[in-house]
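For reference, the chains in residue letters:
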Amino acid sequence: MSVSYRSCKNIVDFTNGVFNGVAETYEEVAALEDHSYKWEFTPVDGKSDELGYFEVLTKKEPLEDEDEVLEEENMIETMVDSIETNFDGNYGGIGIIARSNKQLNEIAVALSDRKIPFVIDSNDSIIYHRAVNPIFKILKFVVNRDVFSLLEFLRSDVVKIGNDELKTILKNKEVIEKLEEMPEDISSSLLDVLNRIEKIAKKGLENKNFVLDVIEAFNISQMFSGKSDLKNIFQFLEMSKEHGNIFDFYNSLINEKDNPKFKQVSLEEEKAITLLSIHKSKGLEFETVYYFHQGQKRGLESGIQFHIDFKSPFNEIENFIFVDKKYEKILDYLGDSYNFLRELEIKKDQEEINNIYVALTRAKKNLFLVMGGSENKYLKSSIDGLFNVKCGKISRTEKNESVQRVKNVELLDSIDFIEKSVEECEQPNRMLLVDIVTEEKRRVGNAIHYYLEFIINNSLDEHIEAKNRTYSKYASIIGEERLKNILEGPEFKNFFNDNPIIFSEEWDYIYPEYEIYDEGKLKRIDRIMIKKPTPTSDGKILVIDYKTGGINQAQLDEYIEIVENHLCSLGEIDNYKVSGEFLEIKL
């Protein structure tokens, strides 16, 4: 492509400059190392008339003897400072791209600490989420009576015991494992923590409120109060209710940790920052991109490696070899006929360059390159020499509070297990959990409405499409297993059997999720069906408002009035009868 239709001019010029430099360096290195591989780059023109903005951010003043971990934390803080300063709460349209899931998780922690909303689609098990992991550690201790699991919890941010208390526990390991008589030299603060754990443990393995008890006993939902934190705490709480006892729950978490149903859940948030890897960013675009570039050591591969060399034009194998990774260095002694390791290194370099090109070309208006060290020699000359460079003016999407999604999704009444637990136990700090339930019900309502957008005539193909689309958008938000139970449950299926009129072929036009402007404001109506007038009868318009909870008559009346006003403006009001109906979806 010789023209970029995505990025503004300054961003295009910047990326052209970077990768022109890469191509030149690559050619020079290829000559020195005597290999024939090439990485060619053709500059592109920017189609946009806007200039756009780019900036290269470097880390804060380096600390003396700063190690790699501190350097990365330093860079993350620099990036978050820039986001807060430049966008001040208006975070919609911002994407943060990083090279690894580990880096994304560390960025997520920093955003949570600053109360900045974000969305991250992580494939990690929920037990590794920062808000859930302390709960899991107590669960592991209670099930296994493993003092080292207890120590992991006590050394976490929730408790943070000191070295003296750590020694006390190790010295009295057998007694503390059983949570029986505590040693006399134990501190009062540690004794208080152990007493709280003992109180929970005494309820036994059949305690279905175990997770809730831990959350309350240690104020987990106050310590980890970001939206992502609360979302995953709630999800973990719900998972625990699906098991008969905490022993089965623990074993499921351990034995099925790669099962998608146990993965961390992400948020559905319109004005949130999106966190994603380079691989997941392919084909996407954002108004603003922060690319977090930090050199990282390549992981140690193991097992049998297969190296293959094709003859040009790649339809015949010239050489191949199987070798255990730990003996791979032997290939260096086999002569020039077996240059597999060298070629593998070259291909990895090229892949790295291509990935960074993808990351830097996702931005439409603003590009921030957050700079750390680069281990790629071709990028060093083009990127690592840039320090605090900036060009252009930052483009910000103005906040528009008046244009919002009008659909009033009510709370689902069926998700009531936490409310029941509230009645059973009189302990503090449950209001935050009730807030989580409120938010969760809203998300389930959104998923149901989204599914129904794809249903016109209630055909099998429509349901297949609706299910695939809804799983794709909401499985990571609600949880795959729970979403499956809702969409395949008898209550949801009965909805389609009980309301054949809205899917009838007697309607000439059916519009799910109908959009109409009223006094300059966009309104979205769940469903409108239209039957055209005939010489002998008036036409009919039926306005449908789906409800997954309470009924809002004023809202339905407003929709009917909007449609009638629209008919008046078209001179058709006398030819149609307009009516409205609530359709309840019981779940």
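Residues numbered from 1 in each chain as written. Predicted model: local features only at pLDDT ≥ 70, side-chain atom pairs only at ≥ 80, totals over all residues. Heavy atoms only, no water.

Q: Describe in detail the overall build of the protein chain, supporting the description with residues and values.
A: Helix and strand counts for the protein chain come out as 21 helices and 15 strands. In the protein chain, which comprises 587 residues, the share counted as buried stands at 49%. Look at the contacts in the protein chain between residues 6 or more apart in sequence, and 70% of them connect residues 24 or more apart. Here the protein chain has roughly 30300 Å² of accessible surface; of this, 48% comes from carbon and sulfur atoms. (Helix = DSSP H or I, 4+ residues; strand = E, 2+ residues; numbered from the N terminus. Buried < 20%, exposed > 50% of the residue type's maximum accessible area, 1.4 Å probe, protein only. Contact = heavy atoms within 4.5 Å. Areas by Shrake-Rupley, 256 points an atom, 1.4 Å probe, with all protein chains shown as cover.)

Q: Tell me what's going on with the sheet that holds strand E15 (residues 576–584), and back it up with residues and numbers.
A: Taking strand neighbours across the sheet as the criterion, the four strands line up as E12-E13-E14-E15 in an open arrangement whose pairing is mixed. One side of each edge strand has no neighbouring strand; the edge strands of this open sheet are strand E12 (509–518) and E15. Neighbouring strand axes in the sheet, compared pairwise and without regard to direction, differ in orientation by 35 degrees on average. Where helix H21 (residues 553–570) meets the sheet, it contacts E12, strand E13 (521–531), strand E14 (539–547) and E15, and its direction lies at approximately 155 degrees from that of E15. (Pairing = 2+ DSSP bridges. Axes fitted to C-alpha atoms, helices over the stretch in contact; angles between N-to-C directions.)

Q: Any details on empty space enclosed by the protein? Residues and values, ideally.
A: A full pass over the atoms with the stated rule returns three cavities of 30 Å³ or more. In this model, the largest cavity occupies a volume close to 80 Å³. Every element with two or more residues in the lining of the largest cavity is listed here: helix H11 (227–241) and helix H19 (480–487). Classifying every residue of the lining of the largest cavity by side-chain character gives two nonpolar, two polar and six charged. (1 Å grid on protein atoms, 1.4 Å probe; cavity = no way out; pocket = protein on both sides within 12 Å on 5 of 7 lines; lining within 4 Å. Points joined across faces, edges and corners; volume = space filled by probe spheres on them. Nonpolar A, V, L, I, M, F, W, Y, C, P; charged D, E, K, R; others polar.)

Q: Got a sec to walk through the packing of aromatic side chains? Specific residues and values, please.
A: On inspection of all chains with the given rule, the structure shows 19 aromatic pairs. Relative to Tyr 357, the ring of Phe 41 has its centre 5.9 Å away and its plane inclined at 65 degrees; by these criteria the two rings are edge-to-face. In this pair, Phe 41 is assigned in the loop between helix H1 (9–33) and strand E2 (45–46) and Tyr 357 in helix H14 (residues 340–360), connecting sequence segments 316 residues apart. By relative accessible area, which is 15% here, Phe 41 ends up buried. By relative accessible area, Tyr 357 is classed as partly exposed at 25%. Feature note: the residues Tyr 451, Phe 492, Phe 495, Phe 496, Phe 503 and Tyr 546 constitute an aromatic cluster, connected by ring pairs. (Phe/Tyr/Trp six-rings, centres within 6.5 Å; stacked < 30°, edge-to-face > 60°.)

Q: Explain the pairing of strand E6 (residues 273–277) to me, using residue names and the numbers behind them.
A: When you tally the buried positions in E6, you get four out of five residues, the bulk of the element. Relative to E6, strand E4 (residues 94–98) runs parallel, the two sharing four bridges. Counterpart to Ile 96 in the pairing with E6 is Leu 275. By the bridge criterion, three bridges tie strand E5 (residues 118–120) to E6 in an arrangement that is parallel. Bridge assignment links Phe 118 to a residue of E6, and that residue is Ile 273.

Q: Describe the side chain of Asn 209, listing the residues and the values that go with them.
A: Relative to the helices and strands, Asn 209 resides in the loop between helix H8 (188–201) and helix H9 (210–217). A polar contact is formed between the side chain of Asn 209 and the side chain of Lys 241, at a distance of 2.6 Å. (Polar contact = N/O pair within 3.5 Å; in protein donor to acceptor, adjacent residues only side chain to side chain.)

Q: Give me the nonpolar core: which residues, what numbers.
A: Core analysis: the largest hydrophobic core is formed by 49 residues, its most contacted members being Leu 139, Ile 197, Phe 210, Phe 218 and Phe 236. When residues of this core are traced back to their parent elements, those giving at least two are helix H4 (133–144), helix H5 (147–154), helix H6 (163–171), H8, H9, H11 and helix H12 (246–255). The element best represented in this core is H4, accounting for seven residues. The next biggest cluster of nonpolar side chains, apart from the first, holds 30 residues, and it includes Ile 455, Ile 502, Met 529 and Leu 583. (Core = buried A, V, L, I, M, F, W, Y, C linked by side-chain atoms within 4.5 Å.)

Q: Explain H21 to me, using residue names and the numbers behind them.
A: A rise of 1.5 Å per residue sets the reference length of H21, with its 18 residues, at 26 Å; its end C-alpha atoms lie 26 Å apart and thus fit the reference within 8%. Listing the buried residues of H21 in full gives Gln 555, Leu 556, Tyr 559, Ile 560, Ile 562, Val 563 and Leu 567. For H21, the buried positions fall inside an angular range of 155 degrees around the axis, keeping them on one side. For H21, the exposed residues lying more than 90 degrees away from the buried face are Ala 554 and Ser 569. Downstream of H21 by a residue or two, Gly 571 has a phi angle that is positive, lying close to 70 degrees. (Expected span 1.5 Å × (residues − 1). Arc of directions from axis to C-beta.)

Everything listed here is a matter of geometry and, on its own, says nothing about what the molecule does.
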